[in-house]
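Given next are the chains, with one letter for each unit.
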Amino acid sequence: GVGSATSAGPCLPAGSIHPSPETLLKDCGGYTRNQPIIGFDQAFVSGSGGVKCYGNFLLAPCVDKVELDHTKRAAFAVAGSEIAHCYEYSVLLENGIGARLTPAHNSAIYTFEYPKGKKASLIIDVAHKLDIDAAMRYGSVTIDAKAGRVWGGGRFFGNWSGFEWDMFFALEFDTDAEEIGFFEGDELQPLDKDTSATHTIDTEKRFGAYAVFHDAP
């Protein structure tokens, strides 16, 4: 993580998912030590160098408001709080958010803890990849608000090979959201509770979903 092209997060042997923090300034592994963290991506390559590849499906926890601006949301790790094992990564951010990432072979379990009395929210930045916030040519996101599920994806570009690729995700919350919806550009589009909807884009733009939870007790 210092002057190299490695990511900080864990990955099981032959696993298809590599959850790891993404820092504001970064090398090709998405991570540079002593840089503020903007969120956590699901796919990386390590040791590649050159063009920054993948870093897709950014999960970004927020306090007080849904903050789409990476520079305003970024938070440093509390000194000594980053713990990286081959099976798990955890960190406490200076904004009070604690995160723990545990991969299976084709999925990951995320645990986010928010500071008491603060509004808790999570951004699912679907069109994002390393260094490109609008890296999806076309795609869609579906939200089932009643079930607490979000899924989608599409056609991405921007890796070193020049080839485009299709990538998809599915996410399920274990906590009910008091507000859930889509975002496009910098606009939030909340859904009615207990409804399902699909939002599609056919041009390159920032795009994804978000959820707001009850204040942390």
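Residues numbered from 1 in each chain as written. Predicted model: local features only at pLDDT ≥ 70, side-chain atom pairs only at ≥ 80, totals over all residues. Heavy atoms only, no water.

Q: How should the packing of aromatic side chains be read in this particular structure?
A: This structure, assessed with the given rule, holds eight aromatic pairs. Between Phe 57 and Phe 156, the aromatic rings sit 5.8 Å apart at their centres with planes inclined by 80 degrees, giving edge-to-face as the arrangement. Highlighted residues: Phe 57 in the loop between strand 2 (37-41) and strand 3 (58-63) and Phe 156 in strand 10 (residues 149-156), separated in sequence by 99 residues. Using a relative accessible area of 5% as the deciding quantity, one classes Phe 57 as buried. An aromatic cluster is defined as three or more aromatic residues linked by ring pairs; in this entry it consists of Tyr 54, Phe 57, Phe 156, Trp 165 and Phe 169. Sitting above the plane of the Phe 157 ring, Arg 137 keeps its charged end 4.0 Å from the centroid. (Phe/Tyr/Trp six-rings, centres within 6.5 Å; stacked < 30°, edge-to-face > 60°. Helix = DSSP H or I, 4+ residues; strand = E, 2+ residues; numbered from the N terminus. Buried < 20%, exposed > 50% of the residue type's maximum accessible area, 1.4 Å probe, protein only. Lys NZ or Arg CZ within 6 Å of the ring centre and 35° of its normal.)

Q: Which parts of the structure should I look at to understand the side chain of His 128?
A: Secondary-structure assignment places His 128 in the loop between strand 8 (120-125) and strand 9 (136-144). We classify His 128 as buried; its relative accessible area is 2%. Here Glu 22 takes part through its side chain, which lies 2.8 Å from a polar atom of the side chain of His 128. In this structure, His 128 is in contact with Glu 22, Asp 41, Gly 55, Asn 56, Phe 57, Leu 58, His 70, Asp 133 and Phe 156, ignoring residues within four places of it in sequence. (Polar contact = N/O pair within 3.5 Å; in protein donor to acceptor, adjacent residues only side chain to side chain. Contact = heavy atoms within 4.5 Å.)

Q: Help me understand the pattern of salt bridges in this model?
A: Summed over the entire model, instances satisfying the criterion amount to 14 salt bridges. With a closest N to O distance of 3.7 Å, Arg 100 and Glu 88 form a salt bridge. Taken as a pair, Arg 100 in strand 6 (residues 98-103) and Glu 88 in the loop between strand 4 (83-84) and strand 5 (89-92) lie far apart in primary sequence, 12 residues in all. Two residues, Lys 119 and Glu 178, come together in a salt bridge whose shortest N-O distance is 2.9 Å. Highlighted residues: Lys 119 in the loop between strand 7 (108-113) and strand 8 and Glu 178 in the loop between strand 11 (165-172) and strand 12 (179-184), separated in sequence by 59 residues. For Lys 119, a relative accessible area of 28% corresponds to the partly exposed category. Connected through shared salt-bridge partners, Arg 137, Arg 155, Glu 164, Asp 166 and Glu 204 make up one network. (Salt bridge = Lys/Arg side-chain N within 4 Å of Asp/Glu carboxyl O.)

Q: Help me understand the pairing of strand 2 in this model?
A: For a regular strand, side-chain orientation follows a simple rule: the groups alternate between the two sheet faces. Burial runs high along strand 2: five of the five residues are buried. Pairing geometry for strand 1 (residues 20-23) and strand 2, over four bridges, is antiparallel. Bridging from a neighbouring strand, Pro 21 pairs with Phe 40 of strand 2. (Pairing = 2+ DSSP bridges.)

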